[in-house]
Amino acid sequence: LAVHTLCYGVVALATLPIAVVIYTSFLQTQGPVFSGGFGLNSYARVIKEVPDVVFNTFSYSLAATLLITLAGGLMSYVIVRRESKWAGFLDAVLMVPYVVPGVVMAIGFLLTFNEPPLDLVGTGAIIVLILFIRRLPYGVRATSAVLRQIKPSIEEAAIGLGATPAKAFFAVTVPLMMPGIVAGAMMSFITAINELSSTLLLYTARTTTMPVKVYSAVLDGEFGIAAALSTLLLASSGLCVYVVLRYSQSKEAAFV
């Protein structure tokens, strides 16, 4: 009983701020002031005032996730199947964006991509690029974990039966890797739509994302619209987790 009480107490403490955010998003507002009662004013303001922010967030994150899925699968194959010192070096370098603070990465991007021919500062492309680089380790780690469980002899058997190495990879290995690919893509998407530290230095009025808008809304005292945007982010993250658990072959594969 004591252990259960402690565990559920910790979970309740962790979910209390989330519950308060969701509750706040449904409070009736009059401009930035809560006027009492419940309503959908905050969500109506999101649709009316900042639909471009919602569109930016999902379009940038989706583009970055697609790049992560493609690049992560190929890099995982190189790291796992072509074991060498260069593959080990590639694996180590891929973790740098994960451990480096987002603010530091953003400063580096501002200094690197501010002159032709790679003048990306102020565009949506630089947001997509930093989301891709920052979240690539998620995709590589998820697909690598699944690929290590697939014996190379399966590909060798396909090649022995007449398939080319490329056909053996795409027809045999990729379908077996799909649980890891789906898990990595979903986790990359979840973290991309919630990214704040790096995008905070790179956004403009045209490329504002939901986390940045939440941050600025809180600073302006607009807690209603901040809570509504936060609830949308929570719902999107929960849906992605459901997809991972529903369409992966096992829960263990989903959380690799």
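For the structure, see preceding data.
Quick caveat: nothing in here was measured; it's all calculated off a predicted structure.

Draft legend 1. Looking closely at the overall build of the chain. Of the regular secondary structure elements, the chain holds twelve helices and two strands. When the helices and strands of the chain are read in sequence order from the N terminus, they spell out α-β-β-α-α-α-α-α-α-α-α-α-α-α. Dimensions of the chain, computed from C-alpha atoms along their principal axes, come out at roughly 75 × 60 × 30 Å. Every one of the 256 residues in the chain was classed for burial, and the buried ones make up 41%. In the chain, the proportion of contacts linking residues at least 24 apart, taken out of those at least 6 apart, comes to 70%.

Draft legend 2. Region of the structure containing a nonpolar patch on the surface. Taken together, the side chains of I18, I22, Y23, F26, F38, L40 and L234 define a hydrophobic patch exposed on the protein surface, amounting to about 650 Å² of accessible area. When residues of the nonpolar patch are assigned to their parent elements, the largest contribution, three residues, is made by helix 1 (residues 2-25). Since its relative accessible area comes to 33%, I22 is described here as partly exposed.

Draft legend 3. Molecular detail of the packing of helix 3 (residues 51-81) against helix 10 (residues 210-219). Following both chains from N to C, one finds helix 3 and helix 10 inclined at 140°, their axes separated by 8 Å at the closest point. Comparing the axis directions of helix 3 and helix 10 gives the class oblique. From helix 3, V53, V54, T57 and F58 reach across to helix 10, where they touch M210, P211 and K213. Residue composition of the contact of helix 3 with helix 10, by class: five nonpolar, one polar and one charged.

Draft legend 4. A look at the packing of aromatic side chains. Taken as a whole, this structure holds eight aromatic pairs when the rule is applied. Ring plane angle 40° and centroid distance 5.3 Å describe the contact between F26 and Y43, whose orientation is recorded as tilted. In this pair, F26 sits in the loop between helix 1 and strand 1 (27-30) while Y43 sits in helix 2 (residues 41-49), placing the two residues 17 residues apart along the sequence. Between Y77 and F169 the ring centres are 4.6 Å apart and the planes differ by 70°, which places this aromatic pair in the edge-to-face class. Residue Y77 is located in helix 3, and its partner F169 is located in helix 9 (residues 165-193); the two are separated by 92 residues in the primary sequence. Just as Y77 is buried, F169 falls in that class too. Here the aromatic residues Y77, F169 and F170 are joined through ring pairs into a cluster of three or more.

Draft legend 5. Examining the packing of helix 3 against helix 4 (residues 85-94) more closely. Packing of helix 3 against helix 4 brings their axes to within 8 Å, and their N-to-C directions diverge by 135°. In terms of their interaxial angle, helix 3 and helix 4 are classed as oblique. The element helix 3 and its partner helix 4 pack so that their crossing is left-handed. Within the contact between the two elements, helix 3 uses M75, V78 and I79 and helix 4 uses A87, L90, D91 and L94. Residues of the contact of helix 3 with helix 4, tallied by class, amount to six nonpolar, no polar and one charged.

Draft legend 6. Local environment of the nonpolar core. If you look at the biggest cluster of nonpolar residues, it comprises 21 residues, and the most contacted ones within it are F109, L136 and L202. Counting only elements with at least two residues in this core, the list comes to helix 3, helix 6 (102-112) and helix 7 (124-147). With eight residues, helix 7 is the largest single contributor of residues to this core. Among the nonpolar cores identified, the runner-up in size contains 19 residues, and Y43, V50, F189 and L229 belong to it.

Draft legend 7. Looking closely at the side chain of T209. Note on placement: T209 falls in the loop between helix 9 and helix 10. Residue classification places T209 among the buried positions, given a relative accessible area of 5%. Apart from the residues within four sequence positions on either side, T209 is in contact with V53, T57, Y60 and T199.

The rules behind the values
Residues numbered from 1 in each chain as written. Predicted model: local features only at pLDDT ≥ 70, side-chain atom pairs only at ≥ 80, totals over all residues. Heavy atoms only, no water. Helix = DSSP H or I, 4+ residues; strand = E, 2+ residues; numbered from the N terminus. Buried < 20%, exposed > 50% of the residue type's maximum accessible area, 1.4 Å probe, protein only. Contact = heavy atoms within 4.5 Å. Patch = residues over 30% accessible without salt bridge, like charges linked within 9 Å, V, L, I, M, F, W, Y side chains within 5 Å. Areas by Shrake-Rupley, 256 points an atom, 1.4 Å probe, with all protein chains shown as cover. Salt bridge = Lys/Arg side-chain N within 4 Å of Asp/Glu carboxyl O. Axes fitted to C-alpha atoms, helices over the stretch in contact; angles between N-to-C directions. Parallel < 35°, antiparallel > 145°, perpendicular 65-115°, else oblique. Nonpolar A, V, L, I, M, F, W, Y, C, P; charged D, E, K, R; others polar. Phe/Tyr/Trp six-rings, centres within 6.5 Å; stacked < 30°, edge-to-face > 60°. Left-handed = near helix turned anticlockwise from the far one by under 90°. Core = buried A, V, L, I, M, F, W, Y, C linked by side-chain atoms within 4.5 Å.

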